[in-house]
2 protein chains.
Amino acid sequence: MLDLLNQHRTIRKYTDQKIAPELLTELLETACKASNTGNMQVYSIVATTDNELKKQLSPAHFNQPMIIQAPVVLTFCADFNRFTKWCELRQADPGYDNFQSFIAAAIDALIAAQTFCIAAESVGLGICYLGTTTYNTREIIDTLKLPRLVVPVTTITVGYPDGISEQTDRLPLSAVVHHETYTGFTPEKIESLYSEKENSEFYKQFVLENGKETLAQVFTDIRYSRKNNEFFSEKFLQVLKEQGFLK
Amino acid sequence: MLDLLNQHRTIRKYTDQKIAPELLTELLETACKASNTGNMQVYSIVATTDNELKKQLSPAHFNQPMIIQAPVVLTFCADFNRFTKWCELRQADPGYDNFQSFIAAAIDALIAAQTFCIAAESVGLGICYLGTTTYNTREIIDTLKLPRLVVPVTTITVGYPDGISEQTDRLPLSAVVHHETYTGFTPEKIESLYSEKENSEFYKQFVLENGKETLAQVFTDIRYSRKNNEFFSEKFLQVLKEQGFLK
């Protein structure tokens, strides 16, 4: 089992093989066995396989080819809509139109998403997370007809791998794990944590190809720029208001 | 593997057996193999085993006994601190003091957390998620000395199970999974989705014990009340500002 988890790689190319509906159902059932907030299950999963709908979703994910190519696109949503409706039918006052409830529901959605991914990988499927989801929640909400108190949090494409990709590097564990309390980072510590990555031929080439001086600049200037982050922050906060999670 | 995931239960009581440091490291290494945003790994994990520190953490988790009793408490944090420091050392302008960056980092933290949980369960350990984390981020930040751009998102207690708890029920899959686009819920559909749960002896007893008329009221009046949700929403948004993720 640890072997399976340790072998994880993102799969962006899929064969033409469909996923049998019974298998997809089994994997979704397994995902729903995962921990969730107070057993309220305040998340939902939209499984999209229709080509026309996938085409409509594609621009929200900046036309990354996985959306069209993967047999199944799963959109995991924070969802207090169903729970709120149930409360209203049961003489109960549902107070879930707030930020804390959004966060609890987003946590539920993500725990279910990762459980689905591991379940899928265990039967030979490959997955890819699309971080574009939180940039373009408005467009996804419109395409998937998500009602009030439902906000997409992440998207996974899933299918049978067409070839095995390289496994990506990770920072040393001491970059991420702190013992007892948080240990701050000195410049020397940062140097030592990032030196292997920065000195690898792969990343040196990557920096050159992007026309930058340092690897960090590829992130700050191209991939995750301040300007984009601030633009998409405003947009996301606006959607949280529109969907009822923020006053 | 699916069996393991399908057998998941929350474990709240642990034996006195410690977790070998080598095993904990191995599980944390595995957790870090999971998908993350742009391979920036914008999360951190604080592993607390010291009794005095666990006592200090305990009130933030409303003194749930697992914090003291579990050999290891893991606090998973959204973390743009390290990445920002690296950018600053590399002539790059880090624009991660915003809400979108918090969400990306929180997603990373949660994917790592659930991967850790599954890894831990696969070697016979038991885990419990503490939803109290997002209520009391301020207190946790102070105890664990979390710097700017670090916010705790979830906490897991982990140890060897002292007995096997009952597996909790789940709603029918059709409560959670929508095909192609979102399907709204009619009152009749809500009735049918919740009827098995509401008519079980376990939940009937649970409603009685809580002195309420309906199961939904136990949630809205006692467990997740509007008043508490709104109070903790304000508190969390304030902490996001203080930690630099919201202007």
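Asker: Residues and numbers for the overall build of chain A, please.
Answerer: Counting its regular elements, chain A contains 11 helices and five strands. Burial statistics for chain A: of 247 residues in total, 49% are counted as buried. Summarising the internal contacts of chain A: among those between residues at least 6 apart in sequence, 79% fall at separations of at least 24.

Asker: Can you lay out unusual backbone geometry for me, pointing to particular residues and giving the numbers?
Answerer: Its identity as a non-glycine residue notwithstanding, Lys145 of chain A has a phi of 60°, on the positive side. Mapped onto the fold, Lys145 of chain A is located in the loop between helix H7 (137-144) and strand S4 (150-159). One non-glycine residue, Glu180 of chain B, adopts positive backbone phi at about 70°. Given 15 C-beta atoms within a 10 Å radius, Glu180 of chain B is considered partly exposed.

Asker: How would you summarise helix H9 (residues 201-209) of chain B if you had to cite specific residues and measurements?
Answerer: Taking burial as the measure, the nine residues of H9 of chain B include zero buried ones, a minor fraction of the element. Remark: Gly211 of chain B follows H9 of chain B within two positions and exhibits a positive phi of approximately 65°.

Asker: Which residues make up the interface of chain A and chain B, and what values do they have?
Answerer: Contact residues are listed per partner, giving 96 residues for chain A and 96 residues for chain B. Element by element, the count of residues in the side of chain A that touches chain B is highest for helix H6 (residues 99-122) of chain A, at 13 residues. Tallied by class, the residues present in the side of chain A that touches chain B amount to 48 nonpolar, 34 polar and 14 charged. When strand S5 (residues 177-179) of chain A meets strand S1 (residues 43-48) of chain B, the two strands line up parallel, connected through three bridges. Across the sheet, the residue bridging to Val177 of chain A is Ile45 of chain B, located in S1 of chain B.

Asker: Residues and numbers for the relation of the copies chain A and chain B, please.
Answerer: Note on the copies: chain A fits chain B at an RMSD of 0.0 Å, the axial shift is 0.0 Å, and the rotation between them is 180°. One copy is carried onto the other by what is essentially a two-fold rotation axis. Same-surface contact between copies: 100% of interface residues of chain A are shared with the interface of chain B.

Asker: Hey, could you go over the pairing of strand S4 (residues 150-159) of chain B for me, with residue numbers and the actual values?
Answerer: All names here are of chain B. Most of S4 is tucked away, with 10 of its 10 residues classed as buried. Of the strand pairs in this sheet, strand S2 (residues 72-79) and S4 are connected by eight bridges, and their pairing is antiparallel. Opposite Asp79, over in S4, you have Val150 as the bridge partner. Note that strand S3 (residues 126-130) and S4 share five bridges and pair antiparallel. When the bridges of S4 are listed, Leu130 appears paired with Thr155.

Criteria and thresholds
Residues numbered from 1 in each chain as written. Chains lettered and ligands numbered in written order. Predicted model: local features only at pLDDT ≥ 70, side-chain atom pairs only at ≥ 80, totals over all residues. Helix = DSSP H or I, 4+ residues; strand = E, 2+ residues; numbered from the N terminus. Buried ≥ 20, exposed ≤ 12 C-beta atoms within 10 Å, placed from the backbone. Contact = placed C-beta atoms within 7 Å. Nonpolar A, V, L, I, M, F, W, Y, C, P; charged D, E, K, R; others polar. Pairing = 2+ DSSP bridges. Least-squares fit on C-alpha atoms with pLDDT ≥ 70 in both.

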